Amino acid sequence: MPSLPVLNNAPYSADAVRDALASELRSAVTGEVRFDLHNRMLYATDASLYQVEPLGVVIPATVEDGARAVAICARAGVPVLPRGGGTSLAGQCTNRAVVVDFSMNCRAVLELDAARGFVRVEPGITIDELNDAIESTGMFFAPDPATMKHANIGGCIGNNAAGARSIRYGRTSENVLGVDVCLADGSRVRLDRGAAMRDERARELTRRVCEVVWKNRRLIRERYPRTLRRNAGYNLDLILNQIERGEGGGSAGGGNDLTNAWEERVNLAHLMCGSEGTLAVTMGAQLALHPKPGAKGLAVVGFASLDAAIECVLPILKTLPTAVELLDDTVLDLARENVECRPFVDLMPPPTRGMLKAVLYVEYFGADGAEVAAGFERLRAVTPGVAMQAHTDASQMMKAWRLRKSGEPLLHGIPGNRKPITFVEDNAVPVEHLCRFVRDMRAIVESYGTRAAFYAHASVGVLHVRPLLDIHDGADRERMRAIAVQAADLAKSLGGVMSGEHGDGRVRTPLLERFYGPELMGAFREIKRVFDPGNVLNPGNIVDLSGLDPRPIESVSQRLRVEPGVGWPVGVPEGIETYFSYNDQHGFDSAVEMCNGAGVCRKKQGGTMCPSYMATLDERHSTRGRGNALRLAITGQLSALGDGTPGGPAWTDEGTKETLNLCLSCKACKTECPSNVDVARLKAEYTAQGHRVAGGAPLPARLFGAVRTLNRLGSLLPGAANWIARHPLGRRALNRVMGLHEKRSLPAFAPSLARQWGTVIGSGGPTVALFGDCFTMFNEPSIGLATRRVLQACGYNVVLADAGCCGRAKISTGLLPGAILEADRTLERLRRFIEDPGVVAIVVGEPSCLSAFKDDWLQLKMQGSIELRQALAAKAFLPEEFVDRQWENHPRRPYFSRAPKGGRVLLHGHCHQKALWGAETSAAALRRAVGTGVEVLDSGCCGMAGSFGYTSDRYEVSMRIGELVLFPAAREAGPAARIAAPGTSCRHQLHDGTGVEARHPIEWLAEWMG
Ligand SMILES: Cc1cc2nc3c(=O)[nH]c(=O)nc-3n(C[C@H](O)[C@H](O)[C@H](O)COP(=O)(O)OP(=O)(O)OC[C@H]3O[C@@H](n4cnc5c(N)ncnc54)[C@H](O)[C@@H]3O)c2cc1C
Ligand code: SF4
Ligand code: SF4
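Residues numbered from 1 in each chain as written. Chains lettered and ligands numbered in written order. Predicted model: local features only at pLDDT ≥ 70, side-chain atom pairs only at ≥ 80, totals over all residues. Heavy atoms only, no water.

Visitor: Sorry if this is basic, but what is going on with the site of ligand 2 here?
Guide: Taken together, 13 residues lie around ligand 2, and Cys595, Gly599, Cys601, Thr623 and Cys673 are the ones closest in. Placement of ligand 2 is best described as lying within the largest cavity. Looking at the shell around ligand 2, its residues break down into 7 nonpolar, 5 polar and 1 charged. (Near = heavy atom within 4 Å. 1 Å grid on protein atoms, 1.4 Å probe; cavity = no way out; pocket = protein on both sides within 12 Å on 5 of 7 lines; lining within 4 Å. Sits in = over half its atoms within 2 Å of the grid points. Nonpolar A, V, L, I, M, F, W, Y, C, P; charged D, E, K, R; others polar.)

Here you go:
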């Protein structure tokens, strides 16, 4: 068997050395130390194309823990990679190092002084978390990278992040007052203005930095770009500004020597900004705050061409906007295809002539509405005849912005092998040269037989260019290198720079010498020596003291996810017989590689994705963690890295199974992930392939998968079955066999719906079939009876379709062959209802069964024709959804005489419902009855998710997920609250977590009919 190419032969790669390091770390830190291959590899990527196997991962419990970890590694000469959200695009967050992840536990606000306009925080807090925490003060932290929901302050400082509003508020460096850092030797020092006057260590560092800067001042002035955005190399220009002028302007001084008051003026915190974790590890930061604007307005301006949009940028800048952002037609077209983003495209104004090909977002802040309106007026004056929509409504503005923020991840949905990849995405040029840059950049890209997507922070001349290339293809990788070099030269020739805001990392460090010349590279190395003479902090980024500097241009396309070692390409092996079809994701291999690492799934507020991440804040339990785990296992990388020989997919890898274990299969990622990564489907596939390889599924999975049979048996003698299930001995046996948590209550059995249905006299109206799902049939037949009552009141004939199971339970437990058989049988039994034009709908009370019809069945490789399945999907609805949809066409109208008109009803949507067709499908009918008091909770997933929350290993997480939003909302509403929840497991979870009894929306409607 061919052996795996050595990825890194540094001495610390040896297992024995690594084990010794791990045990020293374990004894010193109270946080988590993960050195096993699976966990390490979950930190091998960021949002770039690169993949480098880390040496280990430390998740410190406190920042002091983090400092201890750095000190231990530094003493051992082992590289350290500090990490926040891991959303870097240039590869600076991938390294052969011990990764220290501050994002889980180091997120405190340490001090807030709104009157003096500052806040002190720990490094792992995200910008959104920080701004939420200080909301009541009327102040905010202004830098707003598109990733502000999940980017950490430590990472923002590391990358000197900046966002759409940097023309008004500047970059992170303009908003950082000071940093507490851990130096490469493990010692701590505070760096801020005046630190050199207070602290001997700070003084020594500042003096040495100033000497390097002063010595190179002529070259710094000559070679640093003049663009507002520049993030290449170290910020020596900022330090030179401070030496020469003082931070806030003031006297020039200094002459030819460094005798002026540098120790008062120089603030090394600004040198940390953009240093990519290579100089020191940020342990805390003091940040400047700004007052929130009194009013905001956003104009969305539509153009028929990209050039026309760019030509307008300079005149628009004269109208004093806070942001001017650009999207091109590639992104717009993708947004039209994306379930989540499609509605936002409708907010875009069509140009007066031609198709919509580009959009400018122009934003104004003001003290009040009049100032914003004046901004719109100025805008109209400089763009006469151009189509525009001006928004001042917060939710409309948020929707429009969401499209801009999804721009980058959306690009990953482009079909075909060539993808819009990240490597020349960060050019900044003077705004007056934007048009020329776009024209010449297009010519460069086209000369290599491809095209590119463009989107931009147009106000500051930052153009994110994404050429379409296939990094699996060696020829395209060569094109990648060539385009990278030419793009950098083009940006330089126009007075700009190739690293505008995303930094250098692996992709642009090799181009730095070409840009700055050897003398300034020498200065960068001197700076690195001042802070990190042992070269342990994120080595290889910006500079490297190990003699490997400068990095060869070839390295731009090395260590990629698809070829992590030279000559070691990886991918999904051909010929895998999958249980699902992946046509909608351009094939199985594409589905497996769909996650781009942008980290949207690490958001902590709002939406459903990803419940287990929100509850644990653990990268491993994010959608990205699972996406990476699946990719590594299925592409054979885990097997290969494990024993040194290339292997096939690791279908039964314990680490991967453990990582997937906390996925609730809620389907939120399928919709909320901008790349539509569908972990629920991949998890089912992986689990099923694992069962196949292992020769069968474990007993608990088989029992959970057989829920219909068990429920049917239980409902034959419900009294006896419930007694046994509740009896301590019976319960203990069940707990043991099925792995149930002792605190979890079990759903009660009831006489089946079929037995209670009785003889129904037809109304003569059109027919609706009620699908007898496993829960409505055997646990809560009252839902079926309520459905019949409401629909009969609407004038329908209601028939019970006791057609079998949709297979949901088997799909969730990876029993896919059984699920396919079951689904095919049920489809056949449903055929007559599907094909009969007299049956106007098939209603399904349980959303997770409806989602099987509407989603899983369309992907499962079933025998039944796809046309029949599609017809079923089109004809199937939640009962309350059907009541609302057909409201105008009902033969009769139900009268909700007992509805609490104007009263409050809380609705918790099921996560499949929210992901696939939206909670409004339940809310609308409730509103028909009670009016506007129906409140759709932004409660994400309830945490139960079918069988997920029942088992001992997942109970705690299940409850933590419930506590995020749903439980507090239910408790706050009180015992008398009317809570509607169409999902069986959601109602059950509410009961177990809060004692509050929720009801299915159709039951509320039936009750309100009096
Ligand atoms: C879709 C997308 C859109 C983006 N849009 C923008 C944008 O509009 N503007 C922008 O500026 N950037 C943008 N980025 C890049 C990136 O999100 C930002 O730079 C962000 O601030 C990085 O934060 P993070 O927490 O993810 O940092 P990470 O990726 O975790 O780290 C960034 C760097 O900082 C270092 N670092 C992290 N924590 C510490 C610490 N405690 N001490 C020392 N060093 C540390 C890391 O080693 C790394 O070199 C975008 C990225 C993506 C994927
Ligand atoms: S799973 Fe989706 S949201 Fe999460 S990092 Fe991957 S692509 Fe981004
Ligand atoms: S299916 Fe739900 S729990 Fe699983 S990864 Fe996606 S969002 Fe997270």
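That was the structure; now back to the text.
Visitor: Any chance you could explain the sheet that holds strand S24 (residues 905-907) here in plain terms?
Guide: What links the strands of a sheet is backbone hydrogen bonding, and the strands pair in either a parallel or an antiparallel sense. Spatially, S25-S24-S26 is the arrangement adopted by the 3 strands of the open sheet, whose pairing is parallel. Either end of the sheet is taken by a strand with one partner, and the two such strands are strand S25 (934-936) and strand S26 (978-980). Strand-to-strand twist across the sheet, computed as the mean angle between neighbouring axes with direction ignored, equals 25°. Across 3 bridges, S24 lies against S26 in parallel orientation. Paired with Leu907 across the two strands is Ala980, which belongs to S26. The sheet contacts of helix H44 (residues 920-930) involve S24, S25 and S26, and relative to S25 the element is tilted by about 165°. (Pairing = 2+ DSSP bridges. Helix = DSSP H or I, 4+ residues; strand = E, 2+ residues; numbered from the N terminus. Axes fitted to C-alpha atoms, helices over the stretch in contact; angles between N-to-C directions. Contact = heavy atoms within 4.5 Å.)

Visitor: Looking at this model, I keep getting lost on the pattern of salt bridges. Mind explaining?
Guide: Here the structure, examined in full by the defined rule, presents 66 salt bridges. The salt bridge partner of Glu24 is Arg75, with a shortest N-O separation of 3.1 Å. Placement of the pair is Glu24 in helix H1 (residues 15-28) and Arg75 in helix H3 (residues 63-76), with a sequence separation of 51 residues. In this structure, Glu211 engages Arg207 in a salt bridge whose closest nitrogen and oxygen atoms are separated by 2.8 Å. In this pair, Glu211 and Arg207 are both assigned in helix H8 (residues 200-215), 4 residues apart and thus about one turn of the helix distant. What makes Glu211 partly exposed here is its relative accessible area of 39%. One network of salt bridges, in which partners are shared, links Asp584, Lys667, Lys670, Asp678, Arg681, Arg808, Asp855 and Asp856. (Salt bridge = Lys/Arg side-chain N within 4 Å of Asp/Glu carboxyl O. Buried < 20%, exposed > 50% of the residue type's maximum accessible area, 1.4 Å probe, protein only.)

Visitor: Please clarify how the nonpolar core should be interpreted in this entry.
Guide: Where a protein is soluble and globular, its nonpolar side chains tend to be buried together. If you look at the biggest cluster of nonpolar residues, it comprises 124 residues, and the most contacted ones within it are Ile153, Leu236, Leu271, Leu360, Met441 and Phe531. Apart from residues lying up to four places away in sequence, Leu360 is in contact with Ala299, Val300, Val301, Phe303, Ala309, Cys312, Val313, Ile316, Val324, Glu325 and Leu326. Core analysis: the next-biggest nonpolar cluster, separate from the first, contains 88 residues, Val57, Ala852, Leu878 and Cys941 among them. (Core = buried A, V, L, I, M, F, W, Y, C linked by side-chain atoms within 4.5 Å.)

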